[in-house]
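Chain by chain, the residues:
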Amino acid sequence: MGDSGEKVVSAAYKGRDLDWKFVRTLSPAAGGGRDVYYVTLDEFPFDGWLDLTVQAGDRRTADRVSLAW
């Protein structure tokens, strides 16, 4: 996620929906700070992708984050 104003609305790992939590926004005073989210994964090492649905205004898009550990 890179655009200011995008918010996570869902997260999944290997096709399973994940519980996630908004933690805080980093450097909000700098204008366009990045949001930090917390998810718990049940396995280690991580392998694959974290699939996110993000919303900006009334537009939703899919985003994918590589989990290479």
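Above this note sits the structure.
Caption draft 1: Summary view of the nonpolar core. Val8, Ala11, Tyr13, Leu18, Leu41, Leu50, Leu52, Val54 and Leu67 form the largest nonpolar core, which has 9 residues in total. Of all the secondary structure elements, the ones that give two or more residues to this core are strand 1 (7-13) and strand 5 (47-56).

Caption draft 2: Here's a closer look at the pattern of salt bridges. Within this structure, the stated rule accounts for 2 salt bridges. Residue aspartate 35 pairs with lysine 7 through a salt bridge whose shortest N-O separation is 2.7 Å. Placement of aspartate 35 in strand 4 (residues 35-39) and of lysine 7 in strand 1 is noted, with a sequence separation of 28 residues between them. A relative accessible area of 17% means that aspartate 35 is categorised as buried. Across the pair aspartate 51 and arginine 64 runs a salt bridge, and its minimum N-O distance is 2.6 Å. Of this pair, aspartate 51 sits in strand 5 while arginine 64 sits in strand 6 (residues 59-68), and the two are 13 residues apart along the sequence. Note on aspartate 51: relative accessible area 26%, which makes it partly exposed.

Caption draft 3: Main features of the sheet that holds strand 1. The 4 strands lie next to each other as 2-1-5-6, forming an open sheet whose pairing is antiparallel. Pairing within the sheet leaves two strands with one partner each, and these edge strands are strand 2 (16-17) and strand 6. Relative to strand 2, strand 1 runs antiparallel, the two sharing 2 bridges. Paired with alanine 12 across the bridge in strand 2 is aspartate 17.

Caption draft 4: Expanded view of the pairing of strand 5. Summarising the sheet, strand 1 and strand 5 pair through 6 bridges and their orientation is antiparallel. Paired with tyrosine 13 across the two strands is leucine 50, which belongs to strand 5. As paired strands, strand 5 and strand 6 are joined by 10 bridges and run antiparallel to one another. Paired with aspartate 47 across the bridge in strand 6 is alanine 68. Where strand 5 folds back onto strand 6 in an antiparallel hairpin, the turn is made up of 2 residues, including glycine 57, whose phi is positive at roughly 65 degrees.

Thresholds, definitions, all that
Residues numbered from 1 in each chain as written. Predicted model: local features only at pLDDT ≥ 70, side-chain atom pairs only at ≥ 80, totals over all residues. Heavy atoms only, no water. Core = buried A, V, L, I, M, F, W, Y, C linked by side-chain atoms within 4.5 Å. Buried < 20%, exposed > 50% of the residue type's maximum accessible area, 1.4 Å probe, protein only. Helix = DSSP H or I, 4+ residues; strand = E, 2+ residues; numbered from the N terminus. Salt bridge = Lys/Arg side-chain N within 4 Å of Asp/Glu carboxyl O. Pairing = 2+ DSSP bridges.

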